[in-house]
Amino acid sequence: MQHFDLVVIGSGSGNSLIDERFEKWNIALIDRDETFGGTCLNRGCIPTKMFVLPADLAASPREAARLGIDLEYKGSDWAAIRDRIFGRIDPISAGGLDWRLRSPNVTVFRDEARFIGERTLQVGDVQISADRIVLAAGSRPRMVDVPGMDDVADRLYTSDTIMRIDERPKRLVILGGGFIASEFAHVFASLGTEVTLINRSDVMLRGADREVSEQFAHKLGQRVQLRLNQTLASFERSADGGVTVVTTDRNGIEYEYYADAVLVAVGRVRNSDSLAPAAGGVEVRPRGQIRVDAQQRTSAECVWALGDVSSDYLLKHVANAEMRTVQHNLLHPDRPVETDHRYVPYAVFSDPQVAAVGATEEQLKEWGTPYVAARQRFGDVAYGWALEDEGHFVKLLADPGSWRLLGAHIIGPQAPTLIQPLIQAMSFGLRVDEMARGQYWIHPALPEVVENALLGLLSAQQHREHVK
Ligand SMILES: Cc1cc2nc3c(=O)[nH]c(=O)nc-3n(C[C@H](O)[C@H](O)[C@H](O)COP(=O)(O)OP(=O)(O)OC[C@H]3O[C@@H](n4cnc5c(N)ncnc54)[C@H](O)[C@@H]3O)c2cc1C
Ligand SMILES: NC(=O)c1ccc[n+]([C@@H]2O[C@H](COP(=O)([O-])OP(=O)(O)OC[C@H]3O[C@@H](n4cnc5c(N)ncnc54)[C@H](O)[C@@H]3O)[C@@H](O)[C@H]2O)c1
């Protein structure tokens, strides 16, 4: 049996772990997928955002018209966009594999790995063992299970497959109301597809601050047909060869939606099941998450886990942070570090864009945490005038005692960029008053909306004190 100093399962964030500091280690890197480099590169963050940008352009005539500019969207060449995107990504993936295959201390296995004992794995036909194992096996799309699926299998897609289709569908039903559903709804609707988004829950982006998720649904609902509170019942083959999606609402009333394709975006399943973790003494939490401590250690000695397979967050920046923790702890076992999960932000690259960090107002109420809230409309700052903005805002929540931010929620143009100074303030404990008045804010740039939200917190508190 071949023995290694270190085995890493997963070529996404797992592959980034192996840098030059490990050059003296005998390492096995294992991935079962045809493509090398994991989800973010091949079928996640990167290609989706590369589709979002052309979609933003296709949607721009709507915005331009409000500013007196007459633009026309004449159409798009889906195949050309797709080939440009994957023409860039596929060589990066292939190059990454090639480079790894040439790393003298790394043996690459392109097969599925599963535990058959303590730090012992079956990898395809071979068995290997290691002093240390890192589980970075990620997650995969969750599939629905209703009658009629087999009959329409050729029309059902997930985020893994929809970006590579040959033709953009004329009518698309998207199942789900989370990040993936929201981003693809924007992409396809902007390019000209008739999109119906069917969500089981009664809100979009269910983890978001309620005011944000309501406004997001309102805005997205102007561009796609939004159907909330719907339970998927079955699929049928339509007379025209497409798919009939049958749903019921909370009163049991049945609805039918007709589509050329269906995108299933109803969440993700962690790939822990494929690892046979019990055989390796690796504990798994109820929803398939590998249990780890703050140092990313699993219940099995010298076995670590990181990223989607174990994290509470299915986000690349979190997978990267957890990877750096494991990397450090492998190299410096005498002075281990912990992953900082305190201020994890996210952004949804839809239209409108959404970004957030920290607690929602609903959470603060539930926890009984005292807070002050301020809501600053984009439309009330100078750059917002230029945008003729309607309906976008920054919402901040702060502790009136310490004047530290507790949560920041943005819906509107450039939200993923605007949120960054607020993440920084929370991470480094900057007070609201220091942040608002201790620096210049470029006039009349869009971050003034953040400055004004911070000032809004201060004046909301002054108002409360005055009223008392
Ligand atoms: C459509 C989409 C868009 C996204 N957009 C964003 C975004 O904008 N921003 C963001 O932060 N996050 C985004 N994410 C999430 C992000 O992609 C993931 O959080 C991240 O890629 C997880 O990385 P990972 O290293 O944990 O797993 P992965 O990158 O998934 O790597 C796991 C690898 O392990 C392999 N594997 C699994 N089981 C086994 C086994 N038993 N044996 C061998 N190999 C195995 C898999 O083949 C895979 O290659 C998006 C995800 C999707 C699906
Ligand atoms: N921009 C980003 O950072 C980004 C982008 C895409 C994905 N991701 C990550 O990937 C994860 C998975 O994304 P996701 O959108 O698949 O999952 P999600 O958990 O965010 O949302 C799933 C949605 O599907 C709905 N749903 C569940 N079952 C359903 C059914 N049978 N019919 C209709 N709707 C149903 C739920 O109500 C929910 O709205 C996200 O949590 C996120 O962390 C991140």
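What counts and how
Residues numbered from 1 in each chain as written. Chains lettered and ligands numbered in written order. Predicted model: local features only at pLDDT ≥ 70, side-chain atom pairs only at ≥ 80, totals over all residues. UniProt positions renumbered as here; feature names shortened; annotations may be inferred. Domains from an automatic or database assignment. Contact = placed C-beta atoms within 7 Å. Nonpolar A, V, L, I, M, F, W, Y, C, P; charged D, E, K, R; others polar. Near = placed C-beta within 6 Å. Helix = DSSP H or I, 4+ residues; strand = E, 2+ residues; numbered from the N terminus.

Per an unreviewed UniProt entry, the recorded name for the protein is Mycothione reductase, and the organism is Tessaracoccus lubricantis. Here is the UniProt Sequence similarities (unreviewed entry) comment for the protein, exactly as written: "Belongs to the class-I pyridine nucleotide-disulfide oxidoreductase family."

S.K.: Would you take a moment to explain the domain arrangement of the protein for this structure?
M.R.: Interface size, as often reported, equals the accessible area lost upon joining of the parts. The domains assigned to the protein are domain 1 (2–139 + 269–331), domain 2 (150–266) and domain 3 (353–467). Computed over C-alpha atoms, the centres of domain 2 and domain 3 are 32 Å apart. The partner domain 3 presents nine residues to the nine residues of domain 2 that form the contact. Considering only residue class, the side of domain 2 that touches domain 3 consists of four nonpolar, one polar and four charged.

S.K.: Mind showing me how you'd approach the site of ligand 1 here?
M.R.: Around ligand 1 sit 35 residues in total, of which G12, G38, G44, G138 and G307 are the nearest. Listed by contribution, the elements that provide at least two residues to the shell around ligand 1 are α1 (13–17), α2 (38–43), α3 (45–66), β4 (113–117) and α7 (316–331). For the shell around ligand 1, the residue count by class is 13 nonpolar, 15 polar and seven charged.

S.K.: Just to check I follow, could you spell out the UniProt feature "domain: Pyridine nucleotide-disulphide oxidoreductase dimerisation" (unreviewed entry) in the protein for this structure?
M.R.: Within this structure's numbering, the places UniProt gives as "domain: Pyridine nucleotide-disulphide oxidoreductase dimerisation" (unreviewed entry) are residues 344–453. Along residues 344–453 the backbone is 34% helical and 25% strand, and the end-to-end C-alpha distance reaches 21 Å.

S.K.: Quick question: what am I supposed to make of the UniProt feature "domain: FAD/NAD(P)-binding" (unreviewed entry) in the protein here?
M.R.: Per the UniProt record, the feature "domain: FAD/NAD(P)-binding" (unreviewed entry) sits at residues 4–322. Across residues 4–322, the secondary structure splits into 28% helix and 25% strand, with the terminal C-alpha atoms separated by 22 Å.

S.K.: Mind showing me how you'd approach the site of ligand 2 here?
M.R.: Taken together, 25 residues form the shell around ligand 2, and within it G176, G177, G178, I180 and L314 come nearest. Sorting the residues of the shell around ligand 2 by element identifies α5 (179–191) and β18 (346–348) as the ones contributing at least two each. Residue contributions to the shell around ligand 2 peak at four residues, all from α5.

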